[in-house]
Amino acid sequence: MSKKLTISSIKKTKGVKPLVMITAYDALFAKLFEESADMILVGDSLNMSFAGKSDTLSATLQQMIYHTNAVCEGAPNSFVICDMPFGTYTTEEKALENAIKVFQETAADCVKIEGGRDKAAIIQYLTDNGIAVCGHIGLLPQSVRSEGGYKVKGKSKEEKEALIADAKAVASAGAFCMVIEGTKADVAKTVAEAVSIPVIGIGAGNEVDGQVLVFSDMLGLFEAFTPKFVKKYIDGATLVKNAVASYAKEVESRAFPSEEHTY
Ligand code: KIV
């Protein structure tokens, strides 16, 4: 069993080894991921792949706390990040009140917040008050409605400069690492070089300080759509469907349960 990472050991990986982050929403999968992943993110993406909604915006703090508890139970030796859902960190006071709830009601190691310069004061307030923060810049899923879709970032000089400024603001505010999502690879590389904390990519090329994927995407379980950046390491949906079809066939033919599975 590998040793649980800490804020300081995570920071020290910069320039040494890419960090492996994966999402999980329950104890069952978290336990399976614990051995290989450095960090487990209880992402508000659970609102889509777990709760079946079309975006992350209706995820609630109670939902995040429930799933974070399950993940912490399943993977007690993992560094666990709890995503702060949409609307729970609109002001410094509200962010702190909600992040304290996460820390008091779960064993999460930190919270994650979407935003750059616009969220720097909130990140600073949280870190000043003992809450470790992972930032999240680039494509922000919680902005999908205000931006009218999921838009890749870093396509223009202005966007590149804005992303570098966002990363610097998030790092200066005290975040110990950040996710960069849906960003042109060369820009993400420059962003990672501009700050001294690890920058973990999703859809941001391989020249950053680590990668994160949504587990249901990389296991091929989520069928609604597959973004370009997702690599399906197994065809989970087909495996599961075939297994359940075999079970159904055996129940109907009374082949299951056989002697072996009977008291
Ligand atoms: O909610 C989530 O799973 C995330 C990842 C996409 C980074 O924020």
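Our subject is the structure listed above.
None of these values were measured; they are calculated from a predicted model.

**Describing the site of the ligand**
In the neighbourhood of the ligand, the contacting residues comprise Thr 23, Leu 41, Gly 43, Asp 44, Ser 45, Asp 83, Lys 112, His 136, Glu 181, Ile 202 and Val 214. Take Asp 44: an N or O atom from its side chain is 3.0 Å from an oxygen atom of the ligand. Relative to its unbound accessible area of 260 Å², the ligand is 96% covered by the protein chains. Grouping the constituent residues of the shell around the ligand by class yields 3 nonpolar, 4 polar and 4 charged.

**A word on the packing of aromatic side chains**
Going through the model one piece at a time under the given rule, you end up with 7 aromatic pairs. With a centroid separation of 5.8 Å and an interplanar angle of 40°, the aromatic rings of Phe 29 and Phe 33 are classed as tilted. Here Phe 29 pairs with Phe 33, and both are found in helix α2 (residues 27–33), just 4 residues apart, close to one helical turn. Residue classification places Phe 33 among the buried positions, given a relative accessible area of 10%. Through a chain of ring-to-ring contacts, the aromatic side chains of Tyr 25, Phe 29, Phe 33 and Phe 215 assemble into a single cluster.

**Some thoughts on the packing of helix α5 (residues 92–105) against helix α6 (residues 120–128)**
Contact geometry of α5 with α6 gives a least axis separation of 9 Å together with a crossing angle of 45°. Considering the angle they form, α5 stands oblique to α6. By crossing handedness, the relation of α5 to α6 is classed as right-handed. Of the residues in α6, those in contact with Glu 92, Glu 93, Ala 95, Leu 96 and Ala 99 of α5 are Ala 121, Ile 122, Tyr 125 and Leu 126. In terms of residue class, the contact of α5 with α6 is built from 7 nonpolar, no polar and 2 charged.

Rules behind the numbers
- Residues numbered from 1 in each chain as written.
- Predicted model: local features only at pLDDT ≥ 70, side-chain atom pairs only at ≥ 80, totals over all residues.
- Heavy atoms only, no water.
- Near = heavy atom within 4 Å.
- Polar contact = N/O pair within 3.5 Å; in protein donor to acceptor, adjacent residues only side chain to side chain.
- Areas by Shrake-Rupley, 256 points an atom, 1.4 Å probe, with all protein chains shown as cover.
- Nonpolar A, V, L, I, M, F, W, Y, C, P; charged D, E, K, R; others polar.
- Phe/Tyr/Trp six-rings, centres within 6.5 Å; stacked < 30°, edge-to-face > 60°.
- Helix = DSSP H or I, 4+ residues; strand = E, 2+ residues; numbered from the N terminus.
- Buried < 20%, exposed > 50% of the residue type's maximum accessible area, 1.4 Å probe, protein only.
- Axes fitted to C-alpha atoms, helices over the stretch in contact; angles between N-to-C directions.
- Parallel < 35°, antiparallel > 145°, perpendicular 65-115°, else oblique.
- Left-handed = near helix turned anticlockwise from the far one by under 90°.
- Contact = heavy atoms within 4.5 Å.

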